[in-house]
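Coordinate analysis (summary)
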Amino acid sequence: MINDNITTAQGYHVPVLLTESVDALNIVEGGVYVDVTFGGGGHTRHILSKMDATARLFSFDQDADAEENTRREGPEGQSPLADDNRFTFVRSNFRYLDNWMRYYGVDHVDGILADLGVSSHHFDDQERGFSFRFDAPLDMRMNKSATLTAAQVLNTYDEERLADVFFLYGEIRQSRRIASAIVKARAKAAVHTTQEFAAIVEPFFKREREKKEMAKLFQALRIEVNNEMDALKEMLQAASEWLGKGGRLSVITYHSLEDRMVKNFMKTGNVEGKLSQDFFGRAQTPFTLVNNKVIVPTADEQLRNPRSRSAKLRIAEKR
């Protein structure tokens, strides 16, 4: 059994709610499973440890750094994942789940796991611009071959569009004032680095909440750059179509926006939360909730891995 505090792929990422999220898949013999957020491979390895020789696992990630992890040895000298013939790595955004399942000739899926958190690796890589801890180029692309960067968002979006990004994706109350300040600042000089951006917005935050509010701003930019909300919606819709009867959907969320979408989808079959009813007033939804109350990391896990503190696990079963 893999310990849930293990750091995979040479420190790339510590998997959150490892045991709980994988157990939620209710893995069966000969099943087909998908880990749509490979990252450091922690959840993937744990899924493989519970699969028999006839089962299959597809793992998605759009980041080239993550793909490299498939060729590295695992914890305690475990063989590289690429050597396991039950495993297939898919270098793609999980929004294309439907396309890839068709490509590989899959007729149904027995379980899908998604850990929607950003890998520790991304926050710690100074060159990627995901964190305000470093002075780095404003990049934030999960897929390095994508064209839109955080710098382009800040320097080309008009004031109203910037305000919408900060309000919708960061839930920043002063979104309009911050957007106005950015537009004024960039009129004098383009904003290229994380520290240039931080210097513009710092005056809007009280000292005791500065880090938390800054994190929300960076979150908003990251979501916009990677079109994360639309990608999540498309993945969930595909999951509903591909999961067979009794198939499990296990999703770990970290912020209110994605958690609300996942909760709505599991309850109603759509991210808006609009419940359909039949002639007799019975709810028509493709899922049954496995846990009505979200599962959160234990106090011990939160102590060992501070990034797990905001994690919530939701589980649903296909009707």
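Because the structure is a prediction, the values reported are computed rather than measured.

Analysis parameters
Residues numbered from 1 in each chain as written. Predicted model: local features only at pLDDT ≥ 70, side-chain atom pairs only at ≥ 80, totals over all residues. Heavy atoms only, no water. Helix = DSSP H or I, 4+ residues; strand = E, 2+ residues; numbered from the N terminus. Rg over C-alpha atoms; globule rule 2.2 N^0.38 Å. Buried < 20%, exposed > 50% of the residue type's maximum accessible area, 1.4 Å probe, protein only. Contact = heavy atoms within 4.5 Å. Pairing = 2+ DSSP bridges. Axes fitted to C-alpha atoms, helices over the stretch in contact; angles between N-to-C directions. Core = buried A, V, L, I, M, F, W, Y, C linked by side-chain atoms within 4.5 Å. Right-handed = clockwise from strand over helix to strand, strands pointing away. Expected span 1.5 Å × (residues − 1). Domains from an automatic or database assignment. Buried area = accessible area lost by both parts, 1.4 Å probe. Salt bridge = Lys/Arg side-chain N within 4 Å of Asp/Glu carboxyl O. Polar contact = N/O pair within 3.5 Å; in protein donor to acceptor, adjacent residues only side chain to side chain. Nonpolar A, V, L, I, M, F, W, Y, C, P; charged D, E, K, R; others polar.

Turning to the overall build of the protein chain, a few remarks are in order. Along the backbone of the protein chain there are 13 helices and 9 strands. Over its C-alpha trace the protein chain gives a radius of gyration of 20 Å, about what one expects of a compact globule, namely 20 Å for 319 residues. Its C-alpha atoms put the protein chain at 60 × 60 × 40 Å along the principal axes. Taken across its 319 residues, the protein chain has 55% of its residues classed as buried. When contacts within the protein chain are restricted to residue pairs at least 6 apart in sequence, long-range pairs at least 24 apart make up 68% of them.

The strand order across the open sheet built from 7 strands is β3-β2-β1-β4-β5-β9-β8, with neighbouring strands paired in mixed fashion. In this open sheet, the two strands that pair with only one neighbour each are β3 (87–90) and β8 (287–289). Between one strand axis and the next, the sheet turns through 20 degrees on average, direction left out of account. Here strand β1 (residues 32–35) pairs with strand β4 (residues 109–115) via 3 bridges, running parallel. Opposite aspartate 35, over in β4, you have leucine 113 as the bridge partner. Along the sheet, helix α11 (residues 228–242) contacts β4, β5 (243–253), β8 and β9 (312–318); its crossing angle with β5, the most-contacted strand, is approximately 155 degrees.

Bringing the environment of glutamine 219 into the picture now. Checked against the element boundaries, glutamine 219 lands in helix α10 (residues 210–226). With 51 residues separating them in the primary sequence, glutamine 219 and asparagine 270 have C-alpha atoms 24 Å apart. Leave out the neighbours within four places in its chain, and glutamine 219 touches Tyr169, Gly170 and His255.

Before going further, it helps to examine the nonpolar core. By size, the foremost hydrophobic cluster in this structure holds 34 residues, and its most contacted members are Val34, Met101, Val109, Ile112, Met235 and Leu249. At the level of secondary structure, the elements contributing two or more residues to this core comprise β1, β2 (56–60), α4 (97–103), β4, α11, β5 and α12 (256–268). The biggest single contributor to this core is α11, with 8 residues. Ignoring any residue separated from it by four or fewer positions in sequence, one finds valine 109 in contact with Val32, Tyr33, Val34, Met101, Trp242, Leu243 and Gly244. Ranked by size, the runner-up nonpolar core spans 29 residues in total, among them Met140, Val153, Ala181 and Leu221.

Turning our attention to the pairing of β2. Across the 5 residues of β2, 4 count as buried, placing the element largely inside the fold. Two elements, β1 and β2, share 4 bridges in a ladder whose sense is parallel. Residue pairing across strands places tyrosine 33 opposite leucine 57, the latter belonging to β2. With helix α2 (residues 42–50) bridging β1 and the parallel β2, this β-α-β connection has right-handed handedness. In this sheet, β3 lies alongside β2 in parallel orientation, the contact comprising 4 bridges.

The next subject is α12. Its 13 residues give α12 an end-to-end C-alpha distance of 18 Å, which sits within 8% of 18 Å, the value for a rise of 1.5 Å per residue. The first or second residue beyond α12 is glycine 269, which carries a positive phi of 90 degrees.

With that out of the way, let us pick up the environment of asparagine 305. Structurally, asparagine 305 is set in the loop between α13 (299–304) and β9. Residue class for asparagine 305 comes out buried when judged on its relative accessible area of 9%. Excluding anything up to four places from it in sequence, asparagine 305 contacts Val14 and Val16.

It is worth spelling out the domain arrangement of the protein chain at this point. Domain annotation of the protein chain identifies domain 1 (18–121 + 228–318) and domain 2 (126–226). When each unit is reduced to the centre of its C-alpha atoms, the spacing between domain 1 and domain 2 is 29 Å. Each side of the interface is counted separately: domain 1 has 12 residues, and domain 2 has 12 residues. Note on domain 1 versus domain 2: buried area summed over both sides is about 1,100 Å², and carbon and sulfur give 44% of it. Summed over the shared surface of domain 1 and domain 2, the number is 3 salt bridges. Measuring nitrogen to oxygen at the nearest pair gives 3.9 Å for the salt bridge that ties arginine 260 to glutamate 171. Seen at the junction of domain 1 and domain 2, the total is 4 residue pairs in polar contact (both at pLDDT 80 or more). Those elements giving two or more residues to the side of domain 1 that touches domain 2 turn out to be α11 and α12. Ranked by residue count, the leading element in the side of domain 1 that touches domain 2 is α12, at 3 residues. In terms of residue class, the side of domain 1 that touches domain 2 is built from 3 nonpolar, 4 polar and 5 charged.

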